[in-house]
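Residue-level listing of the chains:
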Amino acid sequence: IQINFKGALGLSKDEIEKIYYENASVLASNNYLDLKYAQDFSSILKEEYLKKGFVFVEVDMPEVKNQGEKEAIIEYKIRERQQCVLESINITSVSNETKEKIKAEMVNKEGQPLNVVKMQLDFKKIVSIVQEEGYYFAVIKNLNKKSIISYSDSFTAANLNVDLFLDKISSCSSSHNF
């Protein structure tokens, strides 16, 4: 089979082919036509683009052209649009030291493409770090609000704005008289 990718600029053909074969079924990895995998790969490829900050990417279902009994061409049409870079990570209610600790542990980094696929993991990491510091019931107040990520007018830049609610630091102590 031959695989073509039209509109791919943010990822090279070699990078896309590597992703294709790393995730391929047994048939596809041996260069046989696997229609189910060919269709599934559209979603796999879209996720890879989302990880690289292409928040409006579209990957069409493949067009398969048979070239006789033993040859086929699979063609994917990709519309990348603009890439979005994370300009800043703003976290309220914690010390600068805690902010730096959180930023170091996050998948998303300032100045790097916004990885929307890993945002949920980053949110869990933020809450986990704050809970480790004794704020056991901490929550992100704006988790389900549009304000958590603000985009520039052109959607080429984003700011992550995490508004934390911190309960009082709890401590457990008990004394037993035996």
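Bear in mind that the values here come from a model prediction, so they are computed numbers and not experimental data. (Residues numbered from 1 in each chain as written. Predicted model: local features only at pLDDT ≥ 70, side-chain atom pairs only at ≥ 80, totals over all residues. Heavy atoms only, no water.)

Draft legend 1. Highlighting the overall build of the protein. Helix and strand counts for the protein stand at 5 helices and 9 strands. Against the compact-globule benchmark of 16 Å for 178 residues, the protein has a radius of gyration of 22 Å, which places it well outside the compact range. The principal-axis extents of the C-alpha atoms in the protein amount to approximately 85 × 50 × 25 Å. Evaluated residue by residue, the protein yields a buried proportion of 35% over its 178 residues. Sequence-distant contacts, at least 24 apart, represent 59% of the contacts inside the protein between residues at least 6 apart. (Helix = DSSP H or I, 4+ residues; strand = E, 2+ residues; numbered from the N terminus. Rg over C-alpha atoms; globule rule 2.2 N^0.38 Å. Buried < 20%, exposed > 50% of the residue type's maximum accessible area, 1.4 Å probe, protein only. Contact = heavy atoms within 4.5 Å.)

Draft legend 2. Spotlight on a nonpolar patch on the surface. Taken together, the side chains of Leu33, Leu35 and Val64 present a nonpolar region at the surface, about 210 Å² in accessible area. The exposure class of Leu35 is partly exposed, given its relative accessible area of 47%. (Patch = residues over 30% accessible without salt bridge, like charges linked within 9 Å, V, L, I, M, F, W, Y side chains within 5 Å. Areas by Shrake-Rupley, 256 points an atom, 1.4 Å probe, with all protein chains shown as cover. Salt bridge = Lys/Arg side-chain N within 4 Å of Asp/Glu carboxyl O.)

Draft legend 3. Representation of the nonpolar core within the structure. If you look at the biggest cluster of nonpolar residues, it comprises 24 residues, and the most contacted ones within it are Leu160 and Leu164. At the level of secondary structure, the elements contributing two or more residues to this core comprise strand E5 (85–91), helix H5 (119–132) and strand E8 (157–162). If one sorts the elements of this core by residue count, H5 sits on top with 6 residues. The residues touching Leu160, leaving out its near neighbours within four places in the chain, are Leu86, Ser88, Ile89, Asn90, Met106, Met119, Phe123, Ile148 and Ile149. By size, the runner-up hydrophobic cluster in this structure holds 20 residues, among which are Ala38, Phe41, Leu45 and Val59. (Core = buried A, V, L, I, M, F, W, Y, C linked by side-chain atoms within 4.5 Å.)

Draft legend 4. Fine view of the packing of aromatic side chains. Under the defined criterion, the tally for this structure stands at 10 aromatic pairs. An aromatic cluster is present here, built from Phe5, Tyr20, Tyr21, Tyr37, Phe41 and Tyr76 joined pairwise through their rings. (Phe/Tyr/Trp six-rings, centres within 6.5 Å; stacked < 30°, edge-to-face > 60°.)

Draft legend 5. Region of interest: helix H1 (residues 13–23). Every buried residue belonging to H1 is among Ile16, Ile19 and Tyr20, and all of these are buried. Projected down its long axis, H1 shows its buried positions confined to an angular sector of 100°, all on one face. Exposed and facing more than 90 degrees away from the buried side of H1 are Asp14, Lys18 and Glu22. Considering only its buried residues, H1 is in contact with strand E1 (2–6), helix H2 (26–29), helix H3 (35–51) and strand E4 (72–79). (Arc of directions from axis to C-beta.)

Draft legend 6. Examining the confidence of the model for the protein more closely. Per-residue pLDDT for the protein averages 93, and the proportion of residues at 70 or more is 94%. Ignoring residues within four places in sequence, the model shows residues 174–178, a span with pLDDT below 50, making 0 contacts including any to other chains. (pLDDT = per-residue confidence, 0-100.)

Draft legend 7. Geometry of the environment of Asp60. Structurally, the position occupied by Asp60 is in the loop between strand E2 (58–59) and strand E3 (63–66). For the pair formed by Asp60 and Arg79, sequence separation is 19 residues and the distance between their alpha carbons is 8.5 Å. Once residues lying within four places of it in the same chain are set aside, the contact partners of Asp60 are Ser42, Tyr76, Lys77 and Arg79. For Asp60, the side chain forms a polar contact with the side chain of Arg79, separated by 2.8 Å. (Polar contact = N/O pair within 3.5 Å; in protein donor to acceptor, adjacent residues only side chain to side chain.)

Draft legend 8. Highlighting the sheet that holds E8. The strand order across the open sheet formed by 3 strands is E5-E8-E7, and the pairing between neighbours is mixed. Each edge of the open sheet is held by one strand with a lone partner, namely E5 and strand E7 (149–151). Taken pair by pair, the neighbouring strands of this sheet meet at an average axis angle of 20°, ignoring direction. In the sheet, E5 pairs with E8 via 6 bridges, with the strands oriented parallel. In the strand pairing of E8, Leu86 is matched with Ala158. (Pairing = 2+ DSSP bridges. Axes fitted to C-alpha atoms, helices over the stretch in contact; angles between N-to-C directions.)

Draft legend 9. Main features of the pairing of E4. A large share of E4 lies buried, amounting to 6 of its 8 residues. Across 5 bridges, E1 lies against E4 in parallel orientation. Residue pairing across strands places Phe5 opposite Tyr76, the latter belonging to E4. Across 2 bridges, the pairing between E2 and E4 is antiparallel. Pairing of Glu58 across the sheet is with Arg79, part of E4. Two strands pair when backbone bridges link them, and E3 and E4 are joined in this way by 4 bridges, in the antiparallel orientation. Looking at the pairing, Val64 lines up with Ile74 of E4.

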